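# Summary of the model geometry
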Amino acid sequence: MTFRFILLRTLLLVWTWFACAALRLNAAPLHRYQYNQMAMGVQVRITVYASSQSVAERACAAAFERIAEIEQVMSDYRADSELMRLCAKAGGEPVRVSKELFTVLKRAQELSRRTAGAFDVTVGPYVQLWRRARRGGAFPTEEELREARQRVGYEKMVLDEANRTVRLLVPGMRLDLGGIAKGYALDCALKVLQEHGIRHALLEAGGDIVAGLAPPATAGWRIEVANAAPERRWVYLALGAISTSGDTEQYVEHEGKRYSHIVDPRTGLGVTTRVAATVIARDGITSDSLATALCVLGKEAGKRLIRTVPGARAYVREVKE
Ligand code: ADP
Ligand code: MG
């Protein structure tokens, strides 16, 4: 009896060993491939490890397609995007929206509540005024800001989860997903790569980065965090996301002050404190929106917020002038 048991165990072990060896032989070695494409107003780069070029090409093409799809839903530069068609109905009945759009608006509103409105995707009317100034037009007047304020405020965006509808209460409201949609698009693109069997991947779009598994036999994708102290500058990222916002080249100068493209919803004006924030989180939708929020909140309040988010870390740099 004991002998038979030992024999059986040995046979099982030998079989397992052969099976593993066969699997290892079968698994083709992975090679690194990289592709670039313009999307969402920035250069998007995808790096993957795949068994062949054709596998990599097919997967990355599908990932770029997914990003284009999301851009068509969420862009505020395209009059025919789902987002802009929703805004056109502001002041009217609730509008049924796609799953993607609802997901992002719901996450945005949750963050608005947690930041007392520092992060707020209804800032569109303010952003419009800022963009006019950026194009060389007039700086917003008190009167214009007062008028815009009537059309801004996350509590004026009513979400109904059961019916998946959005109702914008005031005519002329305008949503702007510039602070959250890029991270979400990269999350979705990573899922597409995974569906194509690719597990080791890095997706970058401007200040937003989303990572799948680390490159084979490494601890993570090596990423430089310019806002961290020199000894903590390099981060090894895997299965997570990292976003940087603020203190960019995007600002308007008026009477000696620099106004960032990130708007403080309390004043309607671009943030004037020179803050740059980098956030590491579990996914892109979280890191992207938090990085934008932290630029409005500043270092102290920002760090307090980050402590409440599981798995999140932040590097905030306040530039003294
Ligand atoms: P970028 O990578 O373009 O610098 P960020 O993630 O820092 O983007 O977001 C900035 C964009 O977010 C702005 O261009 C605008 O579209 C939008 N935005 C500006 N202020 C706010 C705010 N207070 N809350 C949410 N979104 C904002
Ligand atoms: Mg952001």
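Just above sits the structure.
Residues numbered from 1 in each chain as written. Chains lettered and ligands numbered in written order. Predicted model: local features only at pLDDT ≥ 70, side-chain atom pairs only at ≥ 80, totals over all residues. Heavy atoms only, no water.

## A short note on the coordination of the magnesium ion (ligand 2)
Here is the rule we go by: Here the coordinating atoms are restricted to nitrogen, oxygen and sulfur within 2.8 Å of the metal centre, or 3.2 Å for Na, K and Ca, and because water is not among them the sites may look incomplete. Think of it this way: any DSSP run of H or I at least four residues long counts as a helix, any run of E at least two long counts as a strand, and we number them from the N terminus. Exposure categories follow from relative accessible area, calculated using a 1.4 Å probe and restricted to protein chains: below 20% of the type maximum is buried, above 50% is exposed, and the middle band is partly exposed.
Protein-derived ligands of the magnesium ion (ligand 2) are Gly179 (O), Asp288 (O), Asp288 (OD) and Thr292 (OG1), with the metal-ligand distances lying across 2.0 to 2.7 Å. Between the donor residues of the magnesium ion (ligand 2), the gaps in sequence give the motif G-x108-D-x3-T. Of this pair, aspartate 288 and threonine 292 both sit in helix H8 (residues 284-307), four residues apart, which is roughly one turn of the helix. With relative accessibility at 3%, the residue aspartate 288 sits in the buried group.

## Some points on the environment of arginine 174
The condition is simple: In this description, contact between two residues means that some pair of their heavy atoms is separated by no more than 4.5 Å. Under this definition, polar contacts are N or O atom pairs within 3.5 Å; protein pairs additionally need one hydrogen-donor-capable and one acceptor-capable atom, and for neighbouring residues in sequence, both atoms have to be side-chain atoms.
With respect to the helices, strands and loops of the structure, arginine 174 is situated in the loop between strand S5 (165-168) and helix H7 (181-195). With 86 residues separating them along the chain, arginine 174 and alanine 88 place their C-alpha atoms 8.4 Å apart. In contact with arginine 174, not counting residues within four places along its chain, are Asp76, Met84, Cys87, Val121, Thr122, Val123, Gly124, Pro125, Gln128 and Arg131. Among the polar contacts listed, one links the side chain of arginine 174 to the side chain of glutamine 128, at a separation of 3.3 Å.

## Thoughts on the pairing of strand S11 (residues 251-254)
Successive residues of a regular strand alternate their side chains across the two faces of the sheet. Where we set the bar: Two strands make a pair as long as DSSP finds a minimum of two bridges between them.
Bridging between S11 and strand S12 (residues 257-260) involves four bridges; their strand directions are antiparallel. Across the sheet, residue histidine 254 finds its bridge partner in S12, namely lysine 257. What sits between S11 and S12 in their antiparallel hairpin is a turn of two residues, with glutamate 255 showing a positive phi close to 45°.

## What to know about empty space enclosed by the protein
Empty pockets left among the atoms are what a rolling probe the size of a water molecule brings to light. Put simply, the rule is: Both site types are read off a 1 Å grid over the protein atoms alone. A 1.4 Å probe that fits but cannot get out defines a cavity, while an open set with protein on both sides within 12 Å along at least five of seven lines defines a pocket; lining residues have an atom within 4 Å of a point. Grid points are joined across faces, edges and corners, and a volume is the space filled by probe spheres set on the points.
What the rule picks out here adds up to two cavities of 30 Å³ or more. Each pocket or cavity is described by its volume, and for the largest cavity that value is around 110 Å³. Along the walls of the largest cavity sit 14 residues, with Asp247, Ser260, Val271, Thr273 and Arg274 positioned nearest its centre. Breaking the lining of the largest cavity down by element, the ones donating at least two residues are S12 and strand S15 (274-281). Among the elements that line the lining of the largest cavity, the one with the most residues is S12, at three residues.

Limitation: the analysis is restricted to geometry and does not speak to function.
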